[in-house]
Amino acid sequence: MADFEIKDLRASVEGRQILKGVSLSIAKGEVHAVMGPNGSGKSTLSHTLMGHPGYTVDGGEVLFKGQNVLALEPDERARLGMFLAFQYPVVVPGISMANFLRTALNSKRGYDGKDKSKQVTPKEFRSMLKGELEVLHMDDSFLPRYINDGFSGGEKKRAEILQMAMLKPEIAILDETDSGLDIDSIKFVAEAVNRMRGPELGILIITHYTRVLEFIKPDFVHVLVDGQFVLSGGAEVADRLEKTGYSEWGKEETAQPQEVA
Amino acid sequence: MATVPKVEVGTDYKEKYGFFVPEEYVFKAKRGLNPDIVKEISWMKQEPEWMTKMRLRSLEIFRKKPMPTWGADLSVIDFENIFYYLKASDKQSKTWEELPPDIKATYDRLGVPEAERKFLAGVSAQYESEVVYHSLQEELTKKGVIFTDTDSALRDHPDLFKEYFGTVIPPADNKFSALNTAVWSGGSFIYVPKGVRVEIPLQAYFRINAENMGQFERTLIICDEGSFVHYIEGCTAPIYTTDSLHSAVVEIIVKKDARCRYTTIQNWSTNVFNLVTKRAMAYADATMEWVDGNLGSQITMKYPSVYLMEPGAKGDVLSVAFAGKGQHQDAGGKMIHVAPNTTSTITSKSISKGGGRTSYRGHIKIYPGANNCKSFVKCDALLLDDESRSDTYPYNDVDAENVTLGHEATVSKVSDEQLFYLMSRGIPRGEAETMIVNGFIEPFTKELPLEYAVELNRLIQLEMEGSVG
Ligand SMILES: Nc1ncnc2c1ncn2[C@@H]1O[C@H](COP(=O)(O)OP(=O)(O)O)[C@@H](O)[C@H]1O
Ligand SMILES: [Mg+2]
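This text gives an overview of the structure that appears in the document. (Residues numbered from 1 in each chain as written. Chains lettered and ligands numbered in written order. Predicted model: local features only at pLDDT ≥ 70, side-chain atom pairs only at ≥ 80, totals over all residues. Heavy atoms only, no water.)

Focus on the site of ligand 1
Residue and element names in this part refer to chain A. Keep this limit in mind: For this description, a residue counts as near a given molecule or strand if any of its non-hydrogen atoms is within 4 Å of it. Pairs of N or O atoms within 3.5 Å make up the polar contacts considered here, provided that, within protein, one atom can donate a hydrogen while the other can accept it, and that residues adjacent in sequence are counted only when both atoms are side-chain atoms. Here, Shrake-Rupley sampling with a 1.4 Å probe gives the accessible areas, and only protein chains in the shown set may cover a residue. Per the convention used, a helix needs a DSSP run of H or I reaching at least four residues, while a strand needs a run of E reaching at least two, with both numbered from the N terminus. Each residue gets one of three labels, nonpolar for Ala, Val, Leu, Ile, Met, Phe, Trp, Tyr, Cys and Pro, charged for Asp, Glu, Lys and Arg, and polar for the others, Gly among them.
The environment of ligand 1 is made up of 13 residues, and the closest members are Arg16, Gly39, Lys42, Ser43 and Thr44. One nitrogen or oxygen atom from the main chain of Ser40 is found 3.3 Å from an oxygen atom belonging to ligand 1. Between ligand 1 and Gly41, the relevant distance is 3.1 Å, taken from an oxygen atom to a main-chain nitrogen or oxygen of the residue. Taken by itself ligand 1 offers 550 Å² of open surface, and the protein chains cover 66% of this. Those elements giving two or more residues to the shell around ligand 1 turn out to be strand 2 (16–26) and helix 1 (42–50). Counting residues per element, the shell around ligand 1 draws most heavily on helix 1, at three residues. For the shell around ligand 1, the class distribution of residues is four nonpolar, six polar and three charged.

Take a look at the structure:
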């Protein structure tokens, strides 16, 4: 049974319809990949799912734990168990990563400044962090740095996965977490994600390129072109894209990264 | 504010701790301003004649000078309806029950201890920090440092006092410095001898009595050659007062190779007009740093300045202003480059909310011959809603050669992208907004001693929740 269900989702940005009816069912334990060329609406999908105010829902439903997610604020969605790893993580000056992570964790646990028993203890926080940092090959020197401020592309993406590991979502959407990463970074990120895989987590990996799927094996692959799924299937769909790119749908883009690693 | 050990203070504390308590004069406070009142103030303080004369002369100047009209609207101030000198005991006549509820609520939420609240609210005249003050005094005395209230300094160090008083900010400087010189009372006096570094920040708290937070404080700091001192005035908790006009003067002399940092966190209740003149003279290779945080008050006008008198002198102003509903924070800085090879920076951060207004007003002057100077001004304004307002008024006057002058100004709103990012991690909107605002002023907060930084962040949180009056 689907734990997370997107039904005929339509969304627009600045008056232009981008998502033209997207449906997808994810059961916990599954990994779904959404692949698509630039501009096909992948980030529109991820942002709409998480509730970005710049994206207008024109129709459809998103159901999770018996709730219509689309009626919730982004923070409520997160506390319900959703997570979005951003394609472009946002810089927030003046707030340390450590402070951010701690605040997020406390919010997730429903700590509102009153019931101290819900608050993460410094000891617990440190030990959680330590393990996750190791897997991601990060050191704790980044903790006092401001949120994503001056981070390299790779550091930003790893920091996203670190947040995911700390917050332990039940539905995680990874928006092009692999793009801009060198092969080693992709492996570290994949290792961290694979560790989290399990019956309590459903994953939606959004990617332009097949490469990351070698490390995080998807159960299902969906191809998004011009705001609609044009093909859905198993892992073999990725192999097909690997060879022919998006040319079948009139897009002259390959599904392999062009840059030399 | 700093946590300090509490002690029971009885009537015998003068003997016990050597703390100065004003004598009980028979004096009936009168409203209004005239030579008789000024003479009376001076007489009660048993001041030398030169001070009485200077006060009277200043009163004349005050009367002649027109009200400044270039800044905030001051026309509502009624000078005839103000008490110019109140004994501590008169100020305390209020009771806790009479305090406005919003002030009480804020103390609650900040977790300010009872005794401290009473002091801040003007209900008690004494803050129980004499023990700290006493041991600190011993240490300072050993080093030859003088740290006392300005009235005592005039009495106990008359020569030193006369040499410097009014030399940085003469009475005729502006209408409010004239007023202050005519009726001043309280404030801090610090002298740091040659080569002495005072490692712990000196806080007005250590020697507070009601006059210290008076309406017309007068502070004088002299850093002799190669010395260092950090002075902290104010606190983050709102200070409740029924006095509507506060007009302080702060004069600082930083001699060759010395460094002085002056940190202010002020949070007056929102009925107050806070019109302050702060100026420092920095000599060869000396550094003057103003760290100035303004919350509260109805109107604040404050532009800390540094006169860079000799080569190598350096001046810094780092300020934060928060204006809520009905408030106007008109703040900034002035850097006067008199000598060549001097440098200055002004960093101003302002936040406006609920229709509040902030203005940055700055003046960089570089005199003829003051070549090879560098000055950099950066002002960032954050508007939390559409009703709020922020303006910048930078004035530059450059008459020298080979000068590097930089000016950067930004006005922004809390960014949707930042807000969405934080909220996507489960952080509720209000808390996320507070984080962004605290992040915005972090360059300021990180310069504060930790306990002040924590409190400032907490206070911003309260302001953001709209629970502060
Ligand atoms: N904030 C935005 N403002 C204007 N247009 C946008 C915005 N976000 C996305 N778009 C447009 O929507 C389309 C889909 O973009 P996006 O969802 O980011 O694609 P993808 O992530 O697949 O590359 C593009 O044509 C893009 O220009
Ligand atoms: Mg995208």
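Digging into the sheet that holds strand 11 (residues 220–225) of chain A
Residues and elements named next belong to chain A. Note the following rule: Should DSSP find at least two bridges between two strands, the strands are taken to pair. Throughout, an axis means a line fitted to C-alpha atoms (over the contacting stretch in the case of helices), and angles, computed between N-to-C directions, take values from 0 to 180 degrees.
With mixed pairing, six strands are arranged side by side in an open sheet as 6-9-10-3-11-12. Because the sheet does not close on itself, it has two edges, and the strands there are strand 6 (82–85) and strand 12 (228–233). Between one strand and the next, the sheet's axes are offset by a mean angle of 20°, whatever the strand orientation. Two elements, strand 3 (residues 31–35) and strand 11, share four bridges in a ladder whose sense is parallel. Paired with Met35 across the strands is Val223, a residue of strand 11.

Section: the pairing of strand 17 (residues 374–383) of chain B
Looking down a regular strand, the side chains alternate between one sheet face and the other. All names here are of chain B. Stated precisely, the cut-off is as follows: The classification of residues rests on relative accessible area computed with a 1.4 Å probe and restricted to protein chains. Under 20% of the type maximum is buried, over 50% is exposed, and intermediate values are partly exposed.
Within strand 17, seven of the ten residues are buried, which leaves the element mostly enclosed by the surrounding structure. Sheet topology note: the strand 15 (residues 343–352)/strand 17 ladder contains ten bridges and is parallel. Following the sheet pairing, Ile346 is matched in strand 17 by Val377.

Re the sheet that holds strand 15 of chain B
Residue and element names in this part refer to chain B. In plain terms, the rule: Should any heavy atoms of two residues lie within 4.5 Å, those residues are counted as being in contact.
With respect to topology, eight strands assemble into an open sheet ordered 3-5-8-10-13-15-17-19, the strand pairing being parallel. A single partner strand is all that each edge strand has here, and the edge strands are strand 3 (202–203) and strand 19 (404–413). Strand direction decides the pairing type here: strand 13 (residues 314–323) and strand 15, joined by ten bridges, are parallel. Bridging across to strand 15, Val317 finds its partner in Ile346. Across the sheet, helix 14 (residues 450–465) touches strand 3, strand 5 (228–234), strand 8 (259–268), strand 10 (287–296) and strand 13, and the angle it forms with strand 10 is around 30°.

Considering the packing of helix 3 (residues 97–108) of chain A against helix 4 (residues 122–135) of chain A
Residue and element names in this part refer to chain A. In plain terms, the rule: For classification purposes, an angle smaller than 35 degrees is called roughly parallel, one larger than 145 roughly antiparallel, one from 65 to 115 roughly perpendicular, and anything else oblique. Handedness of a crossing is defined here by the sense of rotation of the near helix relative to the far one, left-handed for an anticlockwise turn of less than a right angle and right-handed for a clockwise turn.
Interaxial distance between helix 3 and helix 4 falls to 12 Å at its minimum, and their mutual angle equals 110°. Overall, the two elements helix 3 and helix 4 adopt an arrangement that is roughly perpendicular. Seen from above, helix 3 lies across helix 4 with right-handed handedness. Across the interface between the two elements, Ala98, Leu101, Arg102 and Leu105 from helix 3 touch Phe125, Met128 and Leu129 from helix 4. Taken together, the residues of the contact of helix 3 with helix 4 sort by class into six nonpolar, no polar and one charged.

Some words on the pairing of strand 16 (residues 357–366) of chain B
Residue and element names in this part refer to chain B. Burial of strand 16 is extensive: eight of the ten residues sit out of reach of the surface. Where strand 14 (residues 328–337) and strand 16 come together, ten bridges link them in parallel fashion. Directly across from Ile336, in strand 16, lies its bridge partner Lys365. Judged from the ten bridges that link them, strand 16 and strand 18 (residues 389–398) form a sheet pairing that is parallel. Of the residues in strand 18, the one forming a bridge with His363 is Tyr395.

Details of the nonpolar core
Using the following cut-off: Buried Ala, Val, Leu, Ile, Met, Phe, Trp, Tyr and Cys residues that are joined via side-chain atoms within 4.5 Å together make up what is termed a nonpolar core.
In this structure, Phe4(A), Leu49(A), Met82(A), Phe142(A), Ile161(A), Leu174(A) and Leu422(B) are the most contacted members of the largest nonpolar core, which totals 114 residues. With seven residues, helix 5 (residues 153–167) of chain A is the largest single contributor of residues to this core. Contacts of Leu422(B), omitting those with residues within four sequence positions, involve Val92(A), Ile95(A), Phe100(A), Ile147(A), Ile427(B), Ala432(B), Met435(B) and Ile436(B). Counting 39 residues, the second-largest nonpolar core is a separate cluster that includes Ala204(B), Met288(B), Leu308(B) and Met335(B).

Notes on unusual backbone geometry
Residue and element names in this part refer to chain A. The backbone phi angle of His137 is positive, close to 55°, even though this residue is not glycine. By the element assignment, His137 lies in the loop between helix 4 and strand 8 (146–147). One non-glycine residue, Asn148, adopts positive backbone phi at about 60°. Mapped onto the elements, Asn148 comes out in the loop between strand 8 and helix 5.

Quick word on the side chain of Gln203(B)
Here Gln203(B) is to be found in strand 3. Within the local environment of Gln203(B), its side chain forms a polar contact with the side chain of Tyr452(B), the two groups lying 2.5 Å apart.

As for the interface of chain A and chain B
Using the following cut-off: As a working definition, buried area equals the accessible area (1.4 Å probe) given up by two parts on being put together, with both sides summed. The working definition used for a salt bridge is a side-chain nitrogen of Lys or Arg within 4 Å of a carboxyl oxygen of Asp or Glu.
Contacts between the two partners involve 32 residues from chain A and, on the opposite side, 19 residues from chain B. Interface area, chain A with chain B, both sides summed: about 2,100 Å², of which 66% is carbon and sulfur. Counting every contact that joins chain A to chain B gives two salt bridges. With a shortest N-O distance of 2.6 Å, Arg425(B) and Glu160(A) are connected by a salt bridge. Scanning the region where chain A abuts chain B turns up twelve residue pairs in polar contact (both at pLDDT 80 or more). Elements with a contribution of two residues or more to the side of chain A that touches chain B: helix 1, helix 2 (74–80), strand 6, strand 7 (92–96), helix 3, strand 8 and helix 5 of chain A. Residues that form the side of chain A that touches chain B fall into these classes: 19 nonpolar, nine polar and four charged.

Observations concerning the environment of Phe189(B)
Residues and elements named next belong to chain B. Tracing the backbone shows Phe189 in strand 2 (residues 188–192). By relative accessible area, Phe189 is classed as buried at 0%. In this structure, the C-alpha to C-alpha distance between Phe189 and Phe420, residues 231 residues apart in sequence, is 49 Å. The contact partners of Phe189, leaving out residues within four places of it in the chain, are Ile146, Phe147, Thr148, Asp149, Thr150, Ala153, Leu160, Phe161, Leu220 and Ile222.

Function-wise, these values are silent; they only describe arrangement.
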